[in-house]
Amino acid sequence: MAEKPDNEKYRTLSMCDFCSYEIEECGAKPVFARDLDCGKPLPDASAVLACDKYKSPVEILQKRFH
Ligand code: SF4
């Protein structure tokens, strides 16, 4: 039998922490953790889990310098 997930151990990464835009100004339509019904309460309901405007700072730097 599979071990029952321990919600205390779940961590939530927000795409905004790895994005070139600022969330207050980006104009995106993101999907927040609170929008997702995954059957367990996620610790950071305001985390962005999907986004229609995400821009990776790493990709931008790669294009600029290579
Ligand atoms: S574009 Fe998306 S990932 Fe980037 S800051 Fe805005 S909501 Fe967050």
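Below is a summary of the structure that appears in this document.

Rules used throughout
- Residues numbered from 1 in each chain as written.
- Predicted model: local features only at pLDDT ≥ 70, side-chain atom pairs only at ≥ 80, totals over all residues.
- Helix = DSSP H or I, 4+ residues; strand = E, 2+ residues; numbered from the N terminus.
- Buried ≥ 20, exposed ≤ 12 C-beta atoms within 10 Å, placed from the backbone.
- Contact = placed C-beta atoms within 7 Å.
- Near = placed C-beta within 6 Å.
- Nonpolar A, V, L, I, M, F, W, Y, C, P; charged D, E, K, R; others polar.

## With respect to the overall build of the chain
Along its length, the chain carries one helix and two strands. In sequence order, the chain lays out its α and β elements as β-β-α. Here the chain holds 66 residues, and 5% of them are scored as buried. The long-range fraction of contacts in the chain, counting pairs at least 24 apart against all pairs at least 6 apart in sequence, stands at 57%.

## Focus on the site of the ligand
For the ligand, the set of nearby residues contains 13 residues, the closest of which are C16, C19, C26, P30 and C51. Looking at side-chain class alone, the shell around the ligand contains 11 nonpolar, no polar and two charged residues.

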